[in-house]
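Here are the chains, one letter per residue:
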Amino acid sequence: MVEFLSFRDGESTQEPAVTVESFTGQSNATAVRIEPGEDARELLPHLDRISLIEVNFPGFGDGRGYSAARIVREAGYTGELRAVGDVLVDQIVAMRRCGFDSFHPARALDDAAVDRALNRYDDVYQKTIDGRAPIWAKRHPETQNG
Amino acid sequence: MYRYDSYDQAIVDARVEEFRDQTQRRLTGALTEDQFKPLRLMNGLYLQLHAYMLRVAIPYGTLSGKQMRKLGEIAGKYDKGYGHFTTRQNLQYNWIKLADAPDILAELATVEMHAIQTSGNCIRNISSDQYAGVSADEVADPRPWAELLRQWSSFHPEFTYLPRKFKIAVIASDDDRAAMRLHDIGLKLVERDGVVGAEVYAGGGMGRTPMVAPLIRDFIAEDEIISYLEACLRVYNRYGRRDNKYKARIKILVHEIGVEEYKRQVEEEFAHMRELGLNPPVEELARIRAFFAAPAYESGLSDDIDRSNPAFALWVDRQVAAHKAPGYAIVNISLKPIDGIPGDASAEQIGLVADLAEAYSFDELRVTHAQNLVLPHVKKADLYAIWQKLVAAGLAEANLDLITDIIACPGLDYCALANARSIPLAQKIAARFAAAERQAEIGELKLKISGCINACGHHHAGHIGILGVDRRGVENFQLLLGGSGAEDASLGQITGPGFSEDGVVDAIEKVTDIYLAERESGERFLDTYRRIGMKPFKEAIYG
């Protein structure tokens, strides 16, 4: 079983994450935690001083964190983006595609199941910020978007 | 018709294996029902009152003879010999064993079909016009757009845990046969300055708070449709309500913040997202479009139909629609026999329709949101032969858009959510109005029944709608008048206090009597209702 999962090179940030409100209000903090319902765009002016963004999933069915993740990645954030909370093996692939590169689930995950999930689908239909070429790009390698 | 390439097939095959693995873990007890539930729901598998129900996607309601035959085989092998066609152009099996579900999905995958995202809070099967590609009045075939959206929405990483389910329809004709404006997003293809693009409507839906979707964008071109829809969905995913599942659909968001504010937020997001390279190149839509090229119609065919058999002539007048190619016709096959279950077909009937599609309709057929079937490309010279086969199979009811062409949800006979039984009521109404002359005299009258407030039977959009409720443990039926799911979309109004099952049948009869007495020349029931209003009907029912 695995309690922490990282796809980053090197060490993960250990600094405790502060709330969005206390982060934007002040602070020398470099780690911040987004709760569902908080606006990830409030962090955009500060991305260059952030080394860890945690996105909390209190329940797996609340998908707001997927948008939060893509928003900070689309704005150029390259630091650690960690999903925490009710993170299940069946969500890992979608979370990776939205830019998460580390995971701290409330309940430990089965390594073998994570491996199976990550290797289940060879190709994807959508372009996101994860750098994978979508199927339409592979079908049309000669075109501009492809 | 679209055909999978190796990419599409690999995804569907991988999904089958994933679900087999999940089901195995459930059967051995490694997964609890609570843990398994979200996984099976993502694959269209519901636990109903008596058994599992599997909902199979029929993308934009188009399928081949081979696919249809497979649906019939599965009905015979794994169900009790029936399939149920739904208001979302899908097919449901009501008597499935969990252990069989992976094998069924594997069989579907052999004919390029699946059950992906037929449930769950994600983007559902894309629906469309059953006359797409064959009606003369469309701007372009909407199905290539629908297929583009099918692929984009499949396993979308950001939009798989939305506040609630999300339904998209694409049409391309001024006649709306897909209830487009009662979808979360509706696209209507239009041509502006020689370029085809889409009008975008958002925030429609039925359920307990029905809404007709307002226009949110006058035109979006094909090379930006994906980034625009991503913007629409992102605003919804971030700001749609999650505190109450009955207020979680996009219609509530659009209503609460107002359409102008929703538009503003979408445009702001779109300004950002259109720069991200999210749109497939136009070559991809062109690739898909090539699959939907018109079949090789014969030229020089006669438009004459031998009408010497009166029963056949009646069926032609009611069930056959104009086709864009000379000598051809569109055949509507009724799944509403008077004593039947709306939308149900037996394994044998499904097999027969598959045969007819192959023999007479360029191997193609359609499913309609009114729970009927369509053979889209039939030579007029073949109509009589087809009719004879339909008669022999019990599929030749001539009631398209008449009062017995009833839309009904499965209701309390099957559904765990229902408050009342829809099917026996549909059968009672059909029996009351069974006489062909009487139905013809009443003319177009769309009657729709839902067994609970979730409105799967589209009761809000019925010229006459019926909503089953539970009143202190007794089934009770509310009556609504004046709804429409067509291009003149409107929501029905409740007449007043509800009725017993027999009482509502009597009330409908009074309503149609008032219509027949009050109508002016050429008026449908809906037109008369709109002209004279609720009052005379109410007086007749309750007076």
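Before going into details, it helps to say that this report is about the structure given with it. (Residues numbered from 1 in each chain as written. Chains lettered and ligands numbered in written order. Predicted model: local features only at pLDDT ≥ 70, side-chain atom pairs only at ≥ 80, totals over all residues.)

### Concerning the overall build of chain B
Here is step 1: Helices and strands together make up the secondary structure of chain B, namely 17 helices and 20 strands.
Here is step 2: Taken over C-alpha atoms, the radius of gyration comes to 23 Å for chain B, in line with the 24 Å a tight globule of 543 residues would show.
Here is step 3: Taken along the three principal axes of its C-alpha coordinates, chain B extends 60 × 60 × 60 Å.
Here is step 4: Counting all 543 residues of chain B, 56% fall into the buried class.
Here is step 5: Excluding contacts between residues fewer than 6 apart, the proportion of contacts in chain B whose partners are at least 24 apart in sequence is 67%. (Helix = DSSP H or I, 4+ residues; strand = E, 2+ residues; numbered from the N terminus. Rg over C-alpha atoms; globule rule 2.2 N^0.38 Å. Buried ≥ 20, exposed ≤ 12 C-beta atoms within 10 Å, placed from the backbone. Contact = placed C-beta atoms within 7 Å.)

### Quick look at the sheet that holds strand β3 (residues 31-34) of chain A
Neighbouring strands of a sheet are bound in pairs by backbone hydrogen bonds; such pairs are parallel or else antiparallel.
All names here are of chain A.
Here is step 1: Pairing is mixed in the open sheet, where 6 strands are placed in the order β1-β6-β5-β4-β3-β2. Here the strands that pair on one side only, and so sit at the sheet edges, are β1 (5-6) and β2 (18-19).
Here is step 2: Direction of pairing for β1 relative to strand β6 (residues 102-105): antiparallel, over a ladder of 2 bridges. In the strand pairing of β6, L5 is matched with F103.
Here is step 3: Each of β3, β4 (52-57) and β5 (80-85) is contacted by helix α2 (residues 64-74), which is oriented at about 165 degrees to β4, the strand it contacts most. (Pairing = 2+ DSSP bridges. Axes fitted to C-alpha atoms, helices over the stretch in contact; angles between N-to-C directions.)

### Here we look at the pairing of β6 of chain A
All names here are of chain A.
Here is step 1: Here β6 shows a clear split, with F103 and P105 buried on one side and none of S102 and H104 buried on the other.
Here is step 2: Bridge count between β5 and β6: 4 bridges; the pairing is parallel. Bridge assignment links G85 to a residue of β6, and that residue is P105.
Here is step 3: Following the backbone out of β5, through helix α3 (residues 92-97) and into the adjacent parallel β6, one traces a crossover that is right-handed. (Right-handed = clockwise from strand over helix to strand, strands pointing away.)

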